[in-house]
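A look at the structure
Spelled out, the chains give:
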Amino acid sequence: MRLETCYYCSSTVWPGHGIQFVRNDCKIFRFCRSRCHRAFKKKWNPRKSKWTKAHRKFAGKDLTTDATFEFEKRRNEPVKYSRELWENTYEAIEKIEKIRTKRERHHIMKRLRQGTLDRKAADLREVRDYIHLVRAPNATKPMEEIEMVQKAIAKREEAGELLTKVGTTVATTKKLSALRRRAPKIEVTMETSDTEQMVAEVME
Amino acid sequence: MNIFGKLLPTTIDFITHRSFSMTIPLYDLQKVSRVHVVDNSKLALDGNVYKRMPRIIHCYKKNNNLTRTRLIAGLGDKVLLAIKGQMKKAIIVGCRQRIRKPNVPQFDKNNVVLIDDDGNPIGTRILAPIPAFFRTRGDLAKIAAIATTFV
């Protein structure tokens, strides 16, 4: 019994599942379910179907090159049986699995972290461009507040850069959390302008 | 019979629903089915290039039921082919029809290997992969012997 991978989506094909198709040039295609089989029959490129692993690797969304992937490659040389080898392989599999999933998750987190920074930058730009909708142009010291916010975010970006450079070890997570603690809390208080105050007094 | 019995419209009411049923496409191998010979014998090589593709003329099947058997050949069945104007026996080695048994794959083409009347294959090599159960079945052992790859 052997767990195969689906040709189209790269998920595991468990025994009793899926379809096996043999081309006359001796190439075997295994499919995990009819969705993949039908896509193959329609001659769709798996690299273009967004839900397949092939696309994710092609688009750089998942980890592609890593030493942990070398262990899973199929080798065509038969190995002489020894119980020790089996036991060691079993233990190694568990370890490698852990390391590989950790690295894959880190790769994804690195990608997503960039997204949060981009969103913060976009928010900042939005504030700068549309602040006039919120606060009157004659209001006192609006730019100072924005500068404070920018400074704080720059400091956090530094911390983020540190993290991506070094990698997630215990030391850097400690550093990161320390930086987070030291970074100033951003409190944006909207001060009422003179005209607004006058209006409020008049209303009372 | 099988081919023509598929699309028989009984009544077509365009106002209400269409009332004919269709079977899924069946790639059964029966009389007149065109077939791809996977040998390296001379007859096979000539036959594949001949003006007419090699065809099944007859399927050898035991009459197990009291009713007539449907002469449809599957993996491992013996058939009579018409190749290059001659009649030759052959064994079906790959089927396009999806066979719902575990570990039996479906093939690209309907592959066939030529044999003589004793059951010995005429060629010396088979150029396509062969299903693995050929190794275990006694009557197909001779074909498994000259096969190169198993699936």
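Residues numbered from 1 in each chain as written. Chains lettered and ligands numbered in written order. Predicted model: local features only at pLDDT ≥ 70, side-chain atom pairs only at ≥ 80, totals over all residues. Heavy atoms only, no water.

- In the nomenclature of an unreviewed UniProt entry, chain B corresponds to Large ribosomal subunit protein uL14m from the organism Rotaria magnacalcarata.
- UniProt lists a comment for chain B under the heading Sequence similarities (unreviewed entry), and it reads "Belongs to the universal ribosomal protein uL14 family."
- What UniProt states about chain B under its Subcellular location (unreviewed entry) heading is, verbatim, "Mitochondrion". (UniProt positions renumbered as here; feature names shortened; annotations may be inferred.)

- The name an unreviewed UniProt entry assigns to chain A is Probable ribosome biogenesis protein RLP24, from the organism Rotaria magnacalcarata.
- Chain A has a UniProt comment under Subcellular location (unreviewed entry) that states "Nucleus".
- Listed in UniProt under the heading Sequence similarities (unreviewed entry), the comment for chain A reads: "Belongs to the eukaryotic ribosomal protein eL24 family."

**A word on the overall build of chain B**
- Each helix and strand counted, chain B has two helices and eight strands in total.
- Counted from the first residue to the last, chain B has its helices and strands arranged as β-β-β-α-β-β-β-β-β-α.
- Here chain B holds 151 residues, and the buried ones make up 38% of them.
- Taking the intrachain contacts of chain B between residues at least 6 apart in sequence as the baseline, contacts between residues at least 24 apart amount to 47%.
- As presented, chain B carries roughly 9700 Å² of accessible surface, and 55% of it is formed by carbon and sulfur atoms. (Helix = DSSP H or I, 4+ residues; strand = E, 2+ residues; numbered from the N terminus. Buried < 20%, exposed > 50% of the residue type's maximum accessible area, 1.4 Å probe, protein only. Contact = heavy atoms within 4.5 Å. Areas by Shrake-Rupley, 256 points an atom, 1.4 Å probe, with all protein chains shown as cover.)

**Remarks on the sheet that holds strand 7 (residues 106–107) of chain B**
- Read across the sheet, three strands follow the order 4(A)-3(A)-7(B) without closing on themselves; strand pairing throughout is mixed. Two strands lie at the open edges of the sheet, namely strand 4 (28–31) of chain A together with strand 7 of chain B, each paired on one side alone.
- Note that strand 3 (residues 19–22) of chain A and strand 4 of chain A share four bridges and pair antiparallel. Bridging from a neighbouring strand, V22(A) pairs with I28(A) of strand 4 of chain A. (Pairing = 2+ DSSP bridges.)

**Comments concerning the environment of N24(A)**
- Considering the arrangement of structural elements, one finds N24(A) in the loop between strand 3 and strand 4.
- Overall, N24(A) belongs to the buried group, its relative accessible area being 15%.
- For N24(A), the residues in contact, after removing those within four places along its chain, are H36(B), D108(B), K109(B), N111(B), L127(B) and P129(B).
- Within the structure, N24(A) has its side chain in polar contact with the side chain of N111(B) (distance 3.1 Å). (Polar contact = N/O pair within 3.5 Å; in protein donor to acceptor, adjacent residues only side chain to side chain.)

**Details of the packing of aromatic side chains**
Residues and elements named next belong to chain A.
- Applying the stated rule across the entire model yields nine aromatic pairs over all chains.
- Centre to centre, the rings of F29 and F40 are 4.8 Å apart; their planes meet at 40 degrees, and the pair counts as tilted. With F29 in strand 4 and F40 in helix 1 (residues 34–41), this residue pair connects regions lying 11 residues apart in the sequence. Accessibility classification places F29 together with F40 in one group, the buried group.
- Taken together, the ring pairs in this structure connect Y7, F21, F29, F31 and F40 into an aromatic cluster.
- Sitting over the ring of W51, R35 keeps its end group 3.9 Å from the ring centre. (Phe/Tyr/Trp six-rings, centres within 6.5 Å; stacked < 30°, edge-to-face > 60°. Lys NZ or Arg CZ within 6 Å of the ring centre and 35° of its normal.)

**Overview of the interface of chain B and chain A**
- Across the boundary between the two partners, chain B contributes 13 residues, which contact nine residues of chain A.
- Along the contact surface separating chain B from chain A lie zero salt bridges.
- The tally of links from chain B across to chain A stands at six residue pairs in polar contact (both at pLDDT 80 or more).
- For the side of chain B that touches chain A, the per-class residue count stands at five nonpolar, five polar and three charged.
- By the bridge criterion, two bridges tie strand 3 of chain A to strand 7 of chain B in an arrangement that is parallel. Looking at the pairing, F21(A) lines up with Q106(B) of strand 7 of chain B. (Salt bridge = Lys/Arg side-chain N within 4 Å of Asp/Glu carboxyl O. Nonpolar A, V, L, I, M, F, W, Y, C, P; charged D, E, K, R; others polar.)

**Some remarks on the sheet that holds strand 5 (residues 78–83) of chain B**
Residues and elements named next belong to chain B.
- One open sheet accounts for five strands, arranged 3-8-6-5-4; its pairing is mixed. A single partner strand is all that each edge strand has here, and the edge strands are strand 3 (36–37) and strand 4 (55–59).
- Pairing of strand 4 with strand 5, which is carried by four bridges, proceeds in the antiparallel orientation. Residue pairing for strand 5: C59 is matched across the bridge by V79.

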